[in-house]
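Coordinates in review
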Amino acid sequence: MKRFLTVTDIGDLKKALAEATEVKKNPYAWDQLGKNKTIILIFFNSSLRTRLSTQKAAMNLGMNVIVLDVNKDGWKLETEFGVVMDGDKPEHLREAVPVIGRYCDIIAVRSFASFEDKKADYEEQILNQFIEFAGVPVISMESATRHPLQAFADLFTIEEYKKTDKPKVVLTWAPHPRALPQAVPNSFVEWMKEGDVEFVVTHPKGYELAPEFMEGVSVEYDQKKAFEGADFIYAKNWASFTDYGKILSQDKSWTVDEEKMAVTNQAKFMHCLPVRRNMIVTDGVIDSPDSIVIDEAANREVSAQVVIKRMLESLK
Ligand code: CP
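A brief report on the enclosed structure follows. (Residues numbered from 1 in each chain as written. Predicted model: local features only at pLDDT ≥ 70, side-chain atom pairs only at ≥ 80, totals over all residues. Heavy atoms only, no water.)

1. Quick word on the pairing of strand β9 (residues 198-202)
Inclusion rule: Note on classification: 1.4 Å probe, protein chains only; a residue is buried when its accessible area is under 20% of the maximum for its type, exposed when over 50%, partly exposed between these limits. For helices the rule is a DSSP run of H or I covering at least 4 residues; for strands it is a run of E covering at least 2, with both sets numbered from the N terminus onward. By the convention used here, strands pair only if DSSP detects at least 2 bridges between them. By definition, the crossover connecting two strands over a helix is right-handed if that path, from the first strand to the second, turns clockwise as seen with the strands pointing away from the viewer.
β9 sits mainly inside the fold: 4 of its 5 residues count as buried. Across 5 bridges, the pairing between strand β8 (residues 168-173) and β9 is parallel. Its bridge partner lying in β9, Lys-168 is registered against Glu-198. In the classification by handedness, the crossover that spans β8, the intervening helix α7 (residues 183-194) and the parallel β9 is right-handed. When β9 meets strand β10 (residues 218-219), the two strands line up parallel, connected through 2 bridges. Residue pairing for β10: Val-200 is matched across the bridge by Ser-218.

In structure tokens:
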């Protein structure tokens, strides 16, 4: 595996989920695979889970791990081409990325949407420079449009908890005080479409996700109707795609609460975290026995380990 950005990069999903089960059962079984190999985790944006779970996954495989916070360490990096570099960014990604690639065997990078330029974000301007210039395999730890390590962990968590062969999974928009990227919902949609689930997305009008992700996906604008009979409720906020990066609503009637969960099939509650309590979800729901957000976050270590393991195997 040379890159991990989309669901297609993982290949056969059933095989990947079986491998995740093996890795979870015995995470140290491949602790020699990464001996004398180095992974760098590069962050343009903050993280708790991705930083820790990816580092832990690499350590389980015996790798050396370097973490670089671009905002604190190294030089400020220019990402645009053709600019006169007379500002506060003394180094261009064009040099920085191949240099990093000489020191490391795998590069993992987190770079969120800027919300300044929809075209640049959806063309993955930063991530694609890593892919083009790194010379080594690249893992997305959340890019402008996708968060594949999260979605892989989410699908694996659903597999672990499902009580029927084809559970009903609902992705619901929920309110938030800040404009958040579409990466998590985009990837969740992408992975659910390939998974063995009945899938419905619910959100207020104006929050339609990019058509390239939503083709063939059911949308129900009535949130409570969408929740009926659901086995999994996956809550997430995202800013508008059409009115790019804008907050169109902070309507608290979309907060996931006990009343809405009552119409589900005793659904499990999921969220990628971090979560704003009593904005996205009430304390009562997230603290209930049906909330699986902690197990979901724990599975981030598993999804990262499967991906890094496959990359190490392809380096041999
Ligand atoms: N879910 C997730 O990616 O968490 P972090 O932003 O803390 O890494």
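2. Some words on the site of the ligand
Where we set the bar: The rule for a residue being near a molecule or strand is that one of its heavy atoms must lie within 4 Å of it. Residues adjacent in sequence count toward polar contacts only when both atoms are side-chain atoms; beyond that, a polar contact is any pair of N or O atoms within 3.5 Å, and within protein one must be able to donate a hydrogen and the other to accept it. Shrake-Rupley sampling with a 1.4 Å probe provides the accessible areas, and residues are treated as covered by the protein chains on show and by no other component. In this classification, Asp, Glu, Lys and Arg are treated as charged, Ala, Val, Leu, Ile, Met, Phe, Trp, Tyr, Cys and Pro as nonpolar, and every other residue, Gly included, as polar.
If you check the shell around the ligand, you find Ser-47, Leu-48, Arg-49, Thr-50, Arg-110, His-147, Gln-150, Cys-272, Leu-273 and Arg-300 and nothing else. Here an oxygen atom of the ligand sits 2.9 Å away from a polar atom, N or O, in the side chain of Arg-110. In the model, a nitrogen atom of the ligand is placed 3.0 Å from a nitrogen or oxygen of the Gln-150 side chain. Burial of the ligand by the protein chains amounts to 93% of its free accessible area of 250 Å². Counted by class, the shell around the ligand contains 3 nonpolar, 4 polar and 3 charged residues.

3. Focus: the packing of helix α3 (residues 93-103) against helix α5 (residues 125-133)
The condition that has to hold: Comment: axis = line fitted to C-alpha atoms, over the contacting stretch for helices; angle = value between 0 and 180 degrees taken between N-to-C directions. Should an angle lie under 35 degrees it is considered roughly parallel, over 145 roughly antiparallel, and from 65 to 115 roughly perpendicular; all remaining angles are considered oblique. A clockwise turn of the near helix away from the far one marks a right-handed crossing, whereas an anticlockwise turn of less than a right angle marks a left-handed crossing. Any two residues whose heavy atoms approach within 4.5 Å are treated as being in contact.
At a minimum axis distance of 9 Å, the contact between α3 and α5 shows a crossing angle of 50 degrees. Looking at the two axes, α3 sits oblique to α5. As for how α3 packs across α5, the hand of that crossing is right-handed. Taken together, the residues of α5 that come into contact with α3 (itself represented by Leu-93, Arg-94, Val-97 and Pro-98) are Ile-126, Gln-129, Phe-130 and Phe-133. Partitioning the contact of α3 with α5 into residue classes produces 6 nonpolar, 1 polar and 1 charged.

4. Regarding the packing of helix α6 (residues 148-161) against α7
Interhelical geometry of α6 versus α7 gives an angle of 45 degrees and a closest axis separation of 9 Å. Judged by the angle between their axes, α6 and α7 are oblique. As α6 runs across α7, the sense of the crossing is right-handed. Across the interface between the two elements, Pro-148, Ala-151, Phe-152, Asp-154, Leu-155 and Ile-158 from α6 touch Ser-187, Phe-188, Trp-191 and Met-192 from α7. Broken down by class, the residue content of the contact of α6 with α7 amounts to 8 nonpolar, 1 polar and 1 charged.

5. Regarding the sheet that holds β10
If you trace the 5 strands from one edge of the open sheet to the other, you get β10-β9-β8-β11-β12, paired in parallel fashion. The sheet terminates laterally at β10 and β12 (268-270), the two strands that pair on one side only. Bridge count between strand β11 (residues 232-236) and β12: 3 bridges; the pairing is parallel. Opposite Ile-233, over in β12, you have Phe-269 as the bridge partner.

6. Regarding the pattern of salt bridges
Basically, it comes down to this: A side-chain nitrogen of Lys or Arg and a carboxyl oxygen of Asp or Glu constitute a salt bridge if their distance falls within 4 Å.
A full pass over the atoms with the stated rule returns 18 salt bridges. Close ionic contact of Asp-88 with Lys-76 constitutes a salt bridge, the shortest N to O distance being 2.9 Å. With Asp-88 in the loop between β4 (77-78) and β5 (91-92) and Lys-76 in the loop between β3 (64-69) and β4, the pair connects residues that are 12 residues apart, well separated along the chain. By relative accessible area, which is 47% here, Lys-76 ends up partly exposed. A salt bridge links Glu-190 to Arg-146, with the shortest nitrogen-to-oxygen separation between them at 2.9 Å. Separated by 44 residues along the polypeptide, Glu-190 in helix α7 and Arg-146 in the loop between β7 (138-140) and α6 bring together distant segments of the chain. Exposure class is identical for Glu-190 and Arg-146. Each is buried. Where salt bridges share partners, they join Glu-19, Lys-309, Arg-310 and Glu-313 into one cluster.

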